[in-house]
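Summary of the model geometry
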Amino acid sequence: MTFTLTMLFIMAGGSLGALARFLCQGLAARCTSWPGWIPVLIINVLGSIIIGIAVAWLSIDIKDLNLQNLNPATRVLEELALNEMMALIAVGFCGAFTTFSTFSLENYLLSIDKKGQMLLNMIGTTLLAYGGVMLGWFLGSLGGGS
Amino acid sequence: MKLFVIMLAVGLGGAMGAVTRNLLGTLFHVVMGLPEYVAIMIVNIAGSFLIGFVFFCLEGLLKKDMESRLQKTPLARPLVDEGWWPSSDPTRPVVSDFKKDLRAELLAAFIITGILGGMTTFSLFSLLSLNLAQSGNHVAMLINAAGTVLLGWLAAYLGLICGSRLTLRLGRSL
């Protein structure tokens, strides 16, 4: 039962994430004249920031719950809610909002005659996403645990 | 109306891709006992292979205006004259490639943007890299980061090659 519920939340988050990525790409193509890999880079970094915030925030809340002596029924429900939030935001939304397959395909297409942009994309996305998740983790640790 | 149908395809594909990633991740991590970052790495690389394969098949089999961005790649060299690049941006979004054919546009939105884009993930990859660094496992983090990016590039290339073989076997070219 919990398994099915988690899957449903992941599906909801996944469809929202994929849609948001599609719309961001369309918006960037309409409003800017950037090459197609820049919106994907921004999307991947943004998703990494969001997942950092969400996971830091929610894991602090889960730790707090174990400390507090809630009555068991409430605690089970609260834990369930936090786990489903994690499934919805982190695994579903952020996971589907960011994409690795498009990133790899673009790296190959750029490697044919735009090797500089390929290196920029490879190194830039990896480092910025790593920095983004660190930033998100820091922000989430500040806000959580109230 | 057309945009709505395409958005529906993207959303449906995204839901299926996210669930597939979670199930495969659970299979590799919980059932087979691999570390979590290896599980996500396998899913990302498999998705990169599949995107190359599907992308070439869509470009080769369904494109009617013969303006594929793959025409200058080594994959198409026996098929068309060299030195012709229809657009200066090889990385424009896939769905906008198929404006003239709703069927191909929907397939690109559903499979590439939806399923494969939802299945592969960059955010979990960077989150797991951070977790590895926080637990002091810097070697594993570097292997994860460099390995996933480079193997993903290779997988996309192999996928394109397999797609070109299938396209040729079906008697179509770019």
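Structure shown above.
The model shown is predicted, which means the values in this text are computed figures rather than measured ones. (Residues numbered from 1 in each chain as written. Chains lettered and ligands numbered in written order. Predicted model: local features only at pLDDT ≥ 70, side-chain atom pairs only at ≥ 80, totals over all residues. Heavy atoms only, no water.)

In this section: the overall build of chain A. Helix and strand counts for chain A stand at five helices and zero strands. N-terminal to C-terminal, the α/β element order of chain A is α-α-α-α-α. Put simply, chain A has 146 residues, and 45% of those count as buried. Restricting to contacts in chain A with at least 6 residues of sequence separation, those with at least 24 account for 79%. For chain A, the accessible area works out to roughly 7000 Å², and carbon and sulfur atoms hold 74% of it. (Helix = DSSP H or I, 4+ residues; strand = E, 2+ residues; numbered from the N terminus. Buried < 20%, exposed > 50% of the residue type's maximum accessible area, 1.4 Å probe, protein only. Contact = heavy atoms within 4.5 Å. Areas by Shrake-Rupley, 256 points an atom, 1.4 Å probe, with all protein chains shown as cover.)

Tallying secondary structure elements over chain B gives five helices and zero strands in all. Going through the 174 residues of chain B one by one, you find that 53% of them count as buried. Partitioning the intrachain contacts of chain B with sequence separation of at least 6 by distance along the chain shows that 72% fall at a separation of at least 24. For chain B, the accessible area works out to roughly 7800 Å², and carbon and sulfur atoms hold 69% of it.

Moving on, we come to the side chain of B:Ser129. Examined against the element boundaries, B:Ser129 turns out to sit in helix H4 (residues 123–134). B:Ser129 gets classed as buried once you look at its relative accessible area, which sits at 3%. Not counting chain neighbours up to four residues away, the residues in contact with B:Ser129 comprise A:Tyr130, B:Met141 and B:Asn144.

Here we come to the interface of chain B and chain A. Each partner contributes residues to the interface: chain B has 58 residues there, and chain A has 52 residues. For the pairing of chain B and chain A, the buried interface totals around 4400 Å² over both sides, and the portion due to carbon and sulfur atoms is 76%. Of all residues in chain B, the largest losses of buried area upon contact with chain A belong to B:Thr91, B:Phe122 and B:Trp153, amounting jointly to 16% of the total for that side. Counting the contacts that link chain B with chain A gives zero salt bridges. At the junction of chain B with chain A, the criterion picks out 16 residue pairs in polar contact (both at pLDDT 80 or more). Secondary structure elements with two or more residues in the side of chain B that touches chain A: helix H1 (2–31), helix H2 (36–62), helix H3 (102–119), H4 and helix H5 (138–169) of chain B. Residue contributions to the side of chain B that touches chain A peak at 12 residues, all from H1(B). Of the residues that constitute the side of chain B that touches chain A, the class distribution is 31 nonpolar, 22 polar and five charged. (Buried area = accessible area lost by both parts, 1.4 Å probe. Salt bridge = Lys/Arg side-chain N within 4 Å of Asp/Glu carboxyl O. Polar contact = N/O pair within 3.5 Å; in protein donor to acceptor, adjacent residues only side chain to side chain. Nonpolar A, V, L, I, M, F, W, Y, C, P; charged D, E, K, R; others polar.)

Let's shift gears to the pattern of salt bridges. Residue and element names in this part refer to chain B. Counting across every chain of the model gives one salt bridge over all chains. Glutamate 105 is the salt-bridge partner of lysine 2, the closest N and O atoms lying 3.2 Å from each other. A residue pair is termed long-range when its members are at least 10 positions apart, and lysine 2 in helix H1 and glutamate 105 in helix H3 qualify at 103 residues. Assessed through its relative accessible area of 39%, lysine 2 is described here as partly exposed.

Time to look at a nonpolar patch on the surface. A cluster of nonpolar side chains, namely A:Leu135, A:Phe138, A:Leu139 and A:Leu142, defines an oily patch on the protein surface of about 400 Å² accessible area. Examined against the element boundaries, A:Leu139 turns out to sit in helix H5 (residues 115–143). (Patch = residues over 30% accessible without salt bridge, like charges linked within 9 Å, V, L, I, M, F, W, Y side chains within 5 Å.)

To continue, consider the packing of aromatic side chains. Tallied over the entire structure, the rule returns nine aromatic pairs over all chains. Centroid distance A:Phe93 to A:Phe97: 5.5 Å. Interplanar angle 15 degrees. Geometry classified as stacked. Taken together, the residues span about one helical turn, with A:Phe93 and A:Phe97 both in helix H3 (residues 72–97) at a distance of four residues. Using a relative accessible area of 22% as the deciding quantity, one classes A:Phe93 as partly exposed. Accessibility expressed as a relative area gives 4% for A:Phe97, which makes it buried. Here the aromatic rings of A:Tyr108 and B:Trp153 are separated by 5.7 Å at their centres, their planes lie at 55 degrees, and the arrangement is tilted. On the criterion of chain membership, the pair formed by A:Tyr108 in helix H4 (residues 101–113) and B:Trp153 in helix H5 is interchain, its members lying in two chains. Its relative accessible area of 24% is what places B:Trp153 among the partly exposed residues. (Phe/Tyr/Trp six-rings, centres within 6.5 Å; stacked < 30°, edge-to-face > 60°.)

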